[in-house]
Amino acid sequence: MYPVPVAGVRELLVTSGSTMAAVEVARQMSEGARNLSLSGHVGFDSMPDQLVNKSVCQGFCFNILCVGETGLGKSTLMDTLFNTRFEGDPAAHNQPGVHIKSNNYELQESNVRLKLSIVNSVGFGDQINKEESYKSIVEFIDAQFEAYLQEELKIKRTLHNYHDSRIHVCLYFIAPTGHSLKSLDLVTMKKLDSKVNIVPIIAKADSISKNELQKFKIKIMSELVSNGVQIYQFPTDDETVAEINGTMNAHLPFAVVGSTEEIKIGNKMMKARQYPWGTVQVENENHCDFVKLREMLIRVNMEDLREQTHARHYELYRRCKLEEMGFKDTDPDNKPFSLQETYEAKRNEFLGELQKKEEEMRQMFVMRVKEKESELKEAEKELHDKFDRLKKLHQDEKKKLEDKKKSLDDEINAFKQRKTAAELLQSQAQQSGSQQTLKRDKERKNSGFL
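Conventions we followed
- Residues numbered from 1 in each chain as written.
- Predicted model: local features only at pLDDT ≥ 70, side-chain atom pairs only at ≥ 80, totals over all residues.
- Heavy atoms only, no water.
- Helix = DSSP H or I, 4+ residues; strand = E, 2+ residues; numbered from the N terminus.
- Buried < 20%, exposed > 50% of the residue type's maximum accessible area, 1.4 Å probe, protein only.
- Contact = heavy atoms within 4.5 Å.
- Areas by Shrake-Rupley, 256 points an atom, 1.4 Å probe, with all protein chains shown as cover.
- Pairing = 2+ DSSP bridges.
- Axes fitted to C-alpha atoms, helices over the stretch in contact; angles between N-to-C directions.
- Patch = residues over 30% accessible without salt bridge, like charges linked within 9 Å, V, L, I, M, F, W, Y side chains within 5 Å.
- Salt bridge = Lys/Arg side-chain N within 4 Å of Asp/Glu carboxyl O.
- Lys, Arg positive; Asp, Glu negative; His and termini not counted.
- Charge placed at Lys NZ, Arg CZ, Asp CG, Glu CD.
- Phe/Tyr/Trp six-rings, centres within 6.5 Å; stacked < 30°, edge-to-face > 60°.
- Lys NZ or Arg CZ within 6 Å of the ring centre and 35° of its normal.
- Parallel < 35°, antiparallel > 145°, perpendicular 65-115°, else oblique.
- Left-handed = near helix turned anticlockwise from the far one by under 90°.
- pLDDT = per-residue confidence, 0-100.

Enquirer: What is the right way to look at the overall build of the protein chain in this model?
Expert: Assigned secondary structure in the protein chain consists of 11 helices and nine strands. Counting every position in the protein chain, which comprises 450 residues, the buried fraction comes to 29%. Long-range contacts, defined as pairs at least 24 residues apart, comprise 67% of the intrachain contacts of the protein chain with a sequence gap of at least 6. Summed over all atoms, the accessible surface of the protein chain reaches about 31,600 Å², with 53% contributed by carbon and sulfur.

Written as structure tokens, this is what we have:
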């Protein structure tokens, strides 16, 4: 007996009017069907291995922002944290303002590659007026969010190989005063807590005693809570790390000491700081919390810091930006919001604003042209008045000159007449003199002859 094809079964069920015929066909199919047995498991349990291999090939990125006053050992702690010596010049204390300096490094541990970015706030807290010290830091963080958002909004996105420069964690360095937080610290952390994961640490913790350090930690946490500053809490929802993270949350803020110098202690070379009164071992948990910070920051919660940055801080920035652009999830009737309608509405709004501004500019231009015309008319009137005054003055001067010229001509004519008369008199006098001379000569001559 041969198995009946499925198409044949459908035809029989349609054409046959008997239900028994259909049952008989089904029985024949079941008797003639082959039973297949699986040779092994299906294999979708290898998905985690595939993800791990893909992630290892792509590599990871991690961006750290170091905020704190100059001289608190930020660069030294970074060198100690990643067991390397990063290149960089020490910052001076005479910076006119706070500027951000970012350095990128390629690290590799076993077969895992890490693109590490260390961002330092150069000159933070060095100015006399510290009111706007946090602004450059906030602007830098927002700029990284904006760059990622612009890449995300592109039609052709390349997020798989995009260099993510968003800050994943902010290590806020607190000066070891032993008293309380400075106003600058509270204001800056309050401005940053909605934009980045803040992990407060007490720098150079070997400068105060253990009792003072413990009181200082309690004081810091109390001030942060009372001022509403939200710092990063190590997650406790994962059972594998809930216990250690819960314990470490109680140790915040971490009191750390950094050093790249190795000193021989016993039979081992250890990172430590040598003082006249003793030695502070960086990796000794009885001396400082450096090991706790390294464990929490790198070994246990690095991926959570990355996820929190994307899912919490970036999403908040993205939502605010899109709402400013007019995008919403639902319209006033709680219906899904159409992207096309949003675009058209925003476009019409933009065109309306553009037309309004164009009309305002046109009116302003017309008003300025009228003002200019009025000014030109006033200037023209002033010029005409000035011309008339100058013309009248010129005529008066010309008349005076003509009168003076006539007077001079009269004087010249009178002088010429007097001159002519004088010359005539002189010539007459000369003639009379010559006649008298001739007469005398004649008389002398006549008298001589006699």
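Enquirer: Before we go on, may I ask you to explain the sheet that holds strand 7 (residues 262–265) in this structure?
Expert: Pairing between sheet strands relies on hydrogen bonds along the backbone, with the strands arranged either parallel or antiparallel. Overall, antiparallel pairing links the three strands, which are arranged 7-8-9 in an open sheet. The open sheet has two edge strands with one neighbour each: strand 7 and strand 9 (278–281). Taking each pair of neighbouring strands and ignoring which way they run, the sheet shows an average axis angle of 65°. Summarising the sheet, strand 7 and strand 8 (residues 268–275) pair through four bridges and their orientation is antiparallel. By the bridge assignment, Ile263 is partnered in strand 8 with Met270.

Enquirer: Sorry, what's going on with a negative patch on the surface here?
Expert: A grouping of Glu378, Glu382, Asp385 and Asp388 is seen on the molecular surface, where their side chains present a negatively charged patch. With respect to the helices and strands, the residue Glu382 is situated in helix 11 (residues 339–449).

Enquirer: Teacher, can you tell me more about the packing of aromatic side chains here?
Expert: What describes a pair of aromatic rings is the distance from one ring centre to the other and the angle between the planes of the rings. Within this structure, the stated rule accounts for 10 aromatic pairs. Measuring from ring centre to ring centre gives 6.3 Å for Phe124 and Tyr172, while their planes differ by 85°; the resulting arrangement is edge-to-face. Taken together, the residues span a long stretch of sequence, with Phe124 in the loop between strand 3 (112–122) and helix 5 (135–152) and Tyr172 in strand 4 (residues 169–174) at a distance of 48 residues. With a relative accessible area of 0%, Phe124 lands in the buried category. Take Tyr172: its relative accessible area is 0%, and that puts it in the buried class. Note on Phe145 and Tyr317: the rings are 5.5 Å apart at their centroids and 40° apart in plane angle, and the pair reads as tilted. Remark: Tyr317 occurs in helix 10 (residues 302–324) and Phe145 occurs in helix 5; sequence separation between them is 172 residues. No difference in accessibility class separates Phe145 from Tyr317, as the two residues are buried. Aromatic rings pair up to connect Phe145, Tyr148, Tyr162, Tyr314 and Tyr317 into one cluster. In this structure, Arg166 packs its charged tip against the face of Tyr314, placed 4.9 Å from the ring centre.

Enquirer: Can you help me understand the packing of helix 8 (residues 239–249) against helix 9 (residues 290–300) in this one?
Expert: Relative placement of two packed helices is described by the angle separating their axes and the distance separating the axes. Two elements in contact, helix 8 and helix 9, have axes separated by 11 Å at closest approach and are oriented at 140°. Put simply, helix 8 runs oblique to helix 9. In terms of crossing hand, the pair formed by helix 8 and helix 9 is left-handed. Seen from helix 8, the contacting residues are Val241, Ile244, Asn245 and Met248; seen from helix 9, they are Lys292, Met296, Arg299 and Val300.

Enquirer: Sorry, what's going on with the packing of helix 5 against helix 10 here?
Expert: Between helix 5 and helix 10, the least distance of the axes is 10 Å, while the angle of their chain directions is 75°. Between helix 5 and helix 10, the interaxial angle falls into the category roughly perpendicular. For the pair helix 5 and helix 10, contact is made by Asp142, Phe145, Glu146, Tyr148, Leu149 and Glu152 and by Thr309, His310, His313, Tyr314, Tyr317, Arg318 and Lys321, respectively.

Enquirer: I tried to follow the pairing of strand 9 on my own but got confused; where do I start?
Expert: Side-chain direction in a regular strand flips from residue to residue, so the side chains alternate between the two faces of the sheet. Where strand 8 and strand 9 come together, four bridges link them in antiparallel fashion. From the neighbouring strand, Tyr275 faces strand 9, where its bridge partner is Gly278. Taking the residues that link successive antiparallel strands as the turn, the strand 8-strand 9 hairpin has two residues.

Enquirer: Explain the confidence of the model for the protein chain to me, please; I cannot follow it from the model alone.
Expert: Looking at the protein chain, the pLDDT average stands at 84 and 86% of residues meet or exceed 70. Counting interchain partners and residues more than four positions distant, the pLDDT-below-50 stretch residues 1–23 has 11 contacts.

Enquirer: Can you walk me through the side chain of Asp142 in this structure?
Expert: Residue placement: Asp142 occurs in helix 5. Excluding residues within four positions of it along the chain, Asp142 makes contact with Lys195 and Tyr317.

Enquirer: Any chance you could explain the sheet that holds strand 3 here in plain terms?
Expert: Judged by pairing direction, the sheet is mixed, and its six strands sit side by side in the order 2-3-1-4-5-6 without closing on themselves. Looking at which strands have only one partner, the edges of the open sheet turn out to be strand 2 (99–109) and strand 6 (254–255). Here strand 1 (residues 60–67) runs beside strand 3; their pairing, made up of seven bridges, is parallel. By the bridge assignment for strand 3, Leu65 is matched with Val119. Contacting strand 1 and strand 4, helix 10 runs over the sheet at an angle of about 80° to strand 1.

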